[in-house]
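# Notes for the structure review
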Amino acid sequence: MISIGKNIAEKCDGLPLAANLLGSSMCSKREKSYWRSIVDDIDRLQGTPEHEKVISILKLSYDNLSPPLKQCFSYCCIFPKDWKIEREMLIRLWMAEGFLSPSSRGENISLEDIGNEYFEYLLWSSFFQDVEKYHESGDIWKCKMHDLVHDLATSVVDPNEFRIAKVRDDKEEALQVRRFQLLFDEGKNLASPTVLSNAVKLRTIVALEPKYISHVSSFFQCRRLRVLCPLSGWECGWRGCTLSSRSMSASSISKLKHLRYLDLSDMDLSPEVSLNHSYNLQTLILKFCRNVPSCLLNKIGSLKSLRHLDISFSDIKSIPENIGSLEHLSFLDLSRTKISKLPDSITYITSLRTLRFRSCCNLDALPSELGALTRLRCLDLSDTSIQELPESCISNLCNLEIVKLGSVCELPKEIKNWPKLRIFTHERFDDVMPRGIERLTCLETLKSYMVRQETEVCGSPSNKSYGGIEELAGLNSLEVLKIIKLENVRGGIEDGETAKLKDKQHLRKLHLEWGSTGGDDDQVRSSTSVKDTAVLEGLQPHSNLEKLVIEGFSGLKLPKWMMGCSLSNFLPNLVGLSFIDLDNCEQLPALGMLQFLRSLWIVRMKSIKCLGEEFYYQQENREEEESSSSDTSKRPSLFPSLVYLDICELENLEE
C-alpha cells in the first residue's frame, strides 16, 4: 500500500491540489484494487495537455463521491470563480433544489444537519478551501473553490443544467436551461430579455451584482422557478431596486408555486406584494427591506413549508399571531427591527433552532412559555431591553448551544440544564456567575467569567474559597475566555493555578481583567499589587495561545513567564497582545522576540518612562551575541511580523 501511495504521489507532479483530493479519496477507500486503479487511470493520461490532465486527476476524486454529494458539488458551479461561498446559504440552496433527503437516516435528523454533513465532507475532501470562520463561535462562515475545482464542477454538469448569460445576450437560445448565472452591466435594464422569457424550464436564477437593474419583473415570468438569489459584493442584494405594482403585479409572484428560495434583501416593497400562494417557499429573506406591507406578514401563516425567515434590519414593527402555524420553521432572525412584543404563538414552533433578537431595543420581554422550544440551539438577546429569562428557558432548553444575553438581561442563578452550551456571552458586571459552570464541558467561548467574592464562594456546597475560578479547571474545550473581577481571587500563585489555564491547549484568545480595589491607602495598594502579581503568575496559559489582553493589572512587575526570554518561549504563537491600564507596571517584556506578533496595544501605563532595550530583546542575549560573534545575520530579527502598533496615553513616557 505504501509503495502504491508513493507511486500516486509522484504522478501528482508536485501539484498540492491533486495530492489533497486524491489523498482524501484514498483515505476513505483503502482497498489495494482502488489505489491501483488510480495509478492505471493516471497512466492513461500521459501525453494529454496539462490542464486537461489535472482536471482528469481531480475527477478521480469526484467519481468516488456518492450521487447526492456529486449533485451538491457540481451545483457549486453556479457561483463565479473565486467567489466566497457562504456555508449556510449554500445548504439552504441545496435544500431548495431537493438535493437533501433524510432517506434511511430517519426523521430525527433535520435537512439542515444533512446539508452540514455534506458540506463538511466536501471540505474534508478538499473540494473547498480558504475557510473563513465566525469570530466567536469558530463555526465555518465562508469558503472558496480552487479555480481548477470550479472547472471540474462545470465540466461534469450537463450543458443544459447550467449556463452563464449576460443581459445583452437577448438572442441566446435557452429553452432547456435549468439554472442561470445572470451577469449585469452597469446601466443595463432588464425589462423583458429574451434570455429569460425563452427559458421555460428555468429553476434557478443567481443574479450577479443585481444592483445595476431597475426592477425584477422579468424574473417572475419563469413559472418553474425554485430559486431567486442575488449575489453581490455588498452586504445586501437588490440594492436600489423596487418591487412594486408597476414592476410586478400581486398575481405574478403568486404564479410561482414552485418557488422555494426567495431573497428580496434591501428592496422597496409595495402594498400589492403578496406571497399567498407560495406554498412551497422554504427560505424567505427580507433583510434591510423597506416599506414591508403588513399584509405580507399577516398571511405568513400560509407558508407551511417555511424553514428560514430573516427579516433583520427591516422596518417591520410587529409579528402576527399566525406565525405559530409555521411548524417547520427552524430559523428566525428579527435583529435590529422595531418589534416590541412577541406573540405567544411563537412557542408552538417546536422545530425552531435559532432565535435572534440582537439590537431589538423595543423588545423588553419574552413569552413565559418560550421554554417549550426544546430544540432551540441559539438564543441571541444582545442589546435588547429584555431584563430576565423566563424560568421555562432556564429549566427546559437542554439543547442550547449558543446564548448571548448582552448587558440588560440578568444572568440566571444556574445553568446546569444547558449541558451542550458552546458559547455563553454577556456584558453584566454586578451579577454573580450562575452555578453549574463547571459542568459545561462543551464550552468553547465564555465571555465574561466573573470571579465571585470570597463571601459568595464560602457559602457553596463545596466549601472552597479560591475565588471561584476553580470552576474553569475542567473546561478544556475553551477557545475564547474572558475573566473579569480578578481582584476577587484570594491571592497566591496556587489560587491562580486552580483555573488550570496551562492545560487548555485549545485556548486561542484570553482576556484577563482586574477591576478597581476601591482603596486609596498606600498599604492596601501595595498589598493588592503583590497579590495581583501572584495571581497572574498562576494564570499562565498554554503555549498555543494566539491573543492575550491584560487589563487593570496593578502589579509592579509582570509574572516570570512573561519576563526575560520567557514570553517568546512560553507563548511563541502570540499574534495579538494588549496591555491596558497597567498603572504600576514599570517595565515591558521583550516583545521584539515574538516572531508572529502582528498587533500590539500599549494603553494607559502610567509608570512606563522608557521603552528601552529590554522592549526589543534582553540584555543578556545581546552580551552573548556580541561576545560570540559580530555577525548580525545570526541575531534574531526583531518584531518581524508586526503590522499594527498603538501606544496610547503613556503620560510619563520620556524616551
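Below or above, wherever it landed, is the structure these notes cover. Here the structure is a predicted model, which means the values were calculated and not measured. (Residues numbered from 1 in each chain as written. Predicted model: local features only at pLDDT ≥ 70, side-chain atom pairs only at ≥ 80, totals over all residues. Heavy atoms only, no water.)

## Comments concerning the nonpolar core
Core analysis: the largest hydrophobic core is formed by 118 residues, its most contacted members being Leu-355, Phe-357, Phe-424, Leu-548 and Phe-579. Excluding anything up to four places from it in sequence, Leu-355 contacts Leu-332, Ile-346, Leu-370, Leu-373, Leu-376, Cys-378, Leu-379 and Asp-380. Among the nonpolar cores identified, the runner-up in size contains 64 residues, and Cys-77, Leu-93, Leu-100 and Ala-153 belong to it. (Core = buried A, V, L, I, M, F, W, Y, C linked by side-chain atoms within 4.5 Å. Buried < 20%, exposed > 50% of the residue type's maximum accessible area, 1.4 Å probe, protein only. Contact = heavy atoms within 4.5 Å.)

## As for the pattern of salt bridges
Summed over all chains, the structure comprises 28 salt bridges. Here Arg-87 ties to Glu-88 by a salt bridge, and the two come within 3.7 Å at their closest N and O atoms. Accessibility expressed as a relative area gives 10% for Arg-87, which makes it buried. Residue classification places Glu-88 among the partly exposed residues on the basis of a relative accessible area of 31%. Two residues, Lys-482 and Glu-513, come together in a salt bridge whose shortest N-O distance is 3.8 Å. On the criterion of sequence distance, the pair formed by Lys-482 in strand 19 (residues 480–484) and Glu-513 in strand 20 (residues 509–513) is long-range, its members being 31 residues apart. Judged by relative accessible area, Glu-513 falls into the buried class, the value being 15%. Several salt bridges converge on common partners, so that one network encompasses Glu-97, Glu-161, Arg-178 and Arg-179. (Salt bridge = Lys/Arg side-chain N within 4 Å of Asp/Glu carboxyl O. Helix = DSSP H or I, 4+ residues; strand = E, 2+ residues; numbered from the N terminus.)

## Some words on the pairing of strand 20
Of all five residues in strand 20, five are buried; the element is thus mostly enclosed. Both faces of strand 20 are covered, namely the face carrying Lys-509, His-511 and Glu-513 and the face carrying Leu-510 and Leu-512. Alignment of strand 19 against strand 20, held across four bridges, turns out to be parallel. Opposite Val-480, over in strand 20, you have Lys-509 as the bridge partner. Across five bridges, strand 20 lies against strand 21 (residues 547–551) in parallel orientation. (Pairing = 2+ DSSP bridges.)

## Describing the sheet that holds strand 3 (residues 140–144)
The strand order across the open sheet built from three strands is 1-3-2, with neighbouring strands paired in antiparallel fashion. The outermost strands of the open sheet, each flanked by one partner alone, are strand 1 (85–86) and strand 2 (129–133). For strand 2 and strand 3, the ladder comprises three bridges, and the chain directions are antiparallel. By the bridge assignment, Gln-129 is partnered in strand 3 with Lys-144.

## Points about the side chain of Ser-345
Along the chain, Ser-345 falls in the loop between strand 13 (331–333) and strand 14 (354–356). Relative accessible area serves as the criterion here: at 3%, Ser-345 is assigned to the buried category. Setting aside residues up to four positions removed in sequence, Ser-345 forms contacts with Pro-320, Glu-321, Ile-323 and Gly-324.

## Thoughts on helix 6 (residues 87–96)
Three- or four-residue spacings in an α-helix give side chains the same orientation, since the helix completes a turn every 3.6 residues. Of all ten residues in helix 6, nine are buried; the element is thus mostly enclosed. All of the buried residues along helix 6 are Arg-87, Met-89, Leu-90, Ile-91, Arg-92, Leu-93, Trp-94, Met-95 and Ala-96. Taken from the residues just after helix 6, Gly-98 is the one with a positive phi, measuring 80°.

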